[in-house]
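An overview of the molecular structure
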Amino acid sequence: MYGAAHGFGGGNTHHIVIRNCDLGYIGGAHQHTRPDGKPVRFGNAIEFWGAARDNLVEGCHIWEVYDAALTNQGRGPDSKQINITYRNNLIRNSEYSFEYWNNPETAVTENIRFVNNTCINAGAVWSHAQRPDQNGSHLMFYTNTAATSGIEVKYNIFYNASDWGSRYSAGWKVRPEMDYNLWFSDTGIAARWFREKIGSFEEYQKTTGLDAHSQFADPQFVDVNNGDYRLRSDSPARSLRPDGGPVGVEDLFRAQRLSDN
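The paragraphs below set out a description of the structure included in this document. Treat the numbers as computed from the prediction; the structure is a model and nothing was measured.

Moving on, we come to the overall build of the chain. Broken down by element type, the chain carries two helices and 22 strands. Relative to the globule expectation of 18 Å for 261 residues, the C-alpha radius of gyration of the chain, 17 Å, shows essentially globular dimensions. Buried positions account for 53% of the 261 residues belonging to the chain. Across the chain, the fraction of contacts at a sequence separation of at least 24, relative to all contacts at a separation of at least 6, is 74%. Put simply, the chain shows about 11,400 Å² of open surface, and 48% of that area lies on carbon and sulfur atoms.

So, on to the pattern of salt bridges. Per the counting criterion, the structure on display carries 12 salt bridges. When the shortest N-O distance is used, the salt bridge between Glu58 and Arg87 registers 2.7 Å. Residue Glu58 is found in strand 6 (residues 46-58), and its partner Arg87 is found in strand 8 (residues 80-87); the two are separated by 29 residues along the sequence. In the salt-bridge network here, residues are joined through shared partners; they are Asp67, Glu95, Arg131 and Asp133.

Right, let's get into the side chain of Asp67. Inspection of the secondary structure puts Asp67 in strand 7 (residues 61-75). At 2.7 Å, the side chain of Asp67 and the side chain of Arg131 are in polar contact. Aside from chain neighbours lying at most four places away, what touches Asp67 is Phe42, Gly43, Asn44, Ser94, Glu95, Tyr96 and Arg131.

Each neighbour pair has its own omega, and for Asn103 with Pro104 the value is 0°, a cis peptide bond. A positive phi angle, close to 60°, is found at Asn20, a residue other than glycine. Not every positive phi belongs to a glycine, and Asn111 is a case in point at roughly 60°. Within the element layout of this structure, Asn111 appears in strand 10 (residues 108-115). Look at Asn111 and you get partly exposed, because its relative accessible area is 37%.

What follows concerns the pairing of strand 22 (residues 228-231). Of the pairings in the sheet, the one linking strand 21 (residues 221-223) to strand 22 comprises two bridges and is antiparallel in character. Each residue of the ladder has a partner; that of Phe221, found in strand 22, is Leu231. Hairpin geometry of strand 21 and strand 22 is characterised by an intervening segment of four residues between the two adjacent antiparallel strands and by a positive phi of about 75° at Gly227.

On to the packing of aromatic side chains. If you walk through the whole model with that rule in mind, you get 27 aromatic pairs. A ring pair is formed by Tyr86 and Phe114, whose centres lie 6.3 Å apart and whose planes are at 55°; its orientation type is tilted. Residue Tyr86 is located in strand 8, and its partner Phe114 is located in strand 10; the two are separated by 28 residues in the primary sequence. Given the relative accessible area of 0%, Tyr86 is considered buried. Lying over the aromatic face of Tyr66, Arg131 brings its terminal NZ or CZ to 4.6 Å of the ring centre.

For the rest of this paragraph, the subject is helix 1 (residues 201-208). Those residues of helix 1 that sit buried are Phe201, Tyr204 and Thr208. Projected onto a plane normal to the axis of helix 1, the buried residues spread over an arc of 55° and lie on a single side. Set apart from the buried face of helix 1 by more than 90 degrees, the exposed residues are Glu202 and Lys206. Packing partners of the buried residues in helix 1 comprise strand 15 (164-168), strand 16 (177-179), strand 17 (182-184), strand 18 (189-193), strand 19 (196-198) and strand 20 (215-216). Backbone geometry just downstream of helix 1 places Gly209 in the positive-phi region, at approximately 75°.

A cluster of nonpolar side chains, namely Met1, Tyr2 and Tyr25, defines an oily patch on the protein surface of about 360 Å² accessible area. Tracing the chain through its elements places Met1 in the segment before strand 1 (8-14).

In this section: the side chain of Ser214. Mapped onto the secondary structure, Ser214 falls in the loop between helix 1 and strand 20. A polar contact is formed between the side chain of Ser214 and the backbone nitrogen of Asn181, at a distance of 2.8 Å. Side chain to side chain, Ser214 and Asp211 meet in a polar contact 2.5 Å long. Those residues in contact with Ser214 that sit more than four places away from it in its chain are Asp179, Tyr180, Asn181, Trp183, Phe201 and Gln205.

Cut-offs applied
Residues numbered from 1 in each chain as written. Predicted model: local features only at pLDDT ≥ 70, side-chain atom pairs only at ≥ 80, totals over all residues. Heavy atoms only, no water. Helix = DSSP H or I, 4+ residues; strand = E, 2+ residues; numbered from the N terminus. Rg over C-alpha atoms; globule rule 2.2 N^0.38 Å. Buried < 20%, exposed > 50% of the residue type's maximum accessible area, 1.4 Å probe, protein only. Contact = heavy atoms within 4.5 Å. Areas by Shrake-Rupley, 256 points an atom, 1.4 Å probe, with all protein chains shown as cover. Salt bridge = Lys/Arg side-chain N within 4 Å of Asp/Glu carboxyl O. Polar contact = N/O pair within 3.5 Å; in protein donor to acceptor, adjacent residues only side chain to side chain. Pairing = 2+ DSSP bridges. Phe/Tyr/Trp six-rings, centres within 6.5 Å; stacked < 30°, edge-to-face > 60°. Lys NZ or Arg CZ within 6 Å of the ring centre and 35° of its normal. Arc of directions from axis to C-beta. Patch = residues over 30% accessible without salt bridge, like charges linked within 9 Å, V, L, I, M, F, W, Y side chains within 5 Å.

In structure tokens, the structure reads:
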């Protein structure tokens, strides 16, 4: 709790497992002042910087984060980000649920998996009104010129975002593989697709070619106002996977099934 910069952060890491951790109120402190007089603030709950490989984050509860709940990012020819998995995490009230970027062309990104996460209220965070760059977004995909393959975003629930469901900046010759996600928001717009703002989910699917089998529908949480993100019996998230299984955090679905029985 109350980390001034990151909750977990490190460069050139490998074979790290972060499991069943609770991280809240992370980031946002004044880190330093630039030569032009502008202050610098940042902070991610879990960040893998630069060269990072064979890392796993699962079963965590992450909330109230100045920047990203989860991120791998890098800058430089040695920034090789390979085999990083984020799964079964409950994320809420962070400016970004997941942020990624990697540069330049000599950098490498391979096999990044963001799967079975439940992401709630991007941009509805303590820091949003203070930011000079308000960008509440579940998926913040900044400039990516790295040699890229195998970025997978599947079986997630993305619920409510203040600005965009997802945002893409520049580069991205190889797009992420995104599908079988459940999206819903009564605020913001579907996506900022490079320079284009896309309002509806149907337009987003048509324009981007992403999320072909995903749905835009209320996930029907048991009691979202009181933080119960289990799925009601009529939730479309219960059967969205191609095998008829649920999306979002699997433990929440199992808890609901036990409660039903």
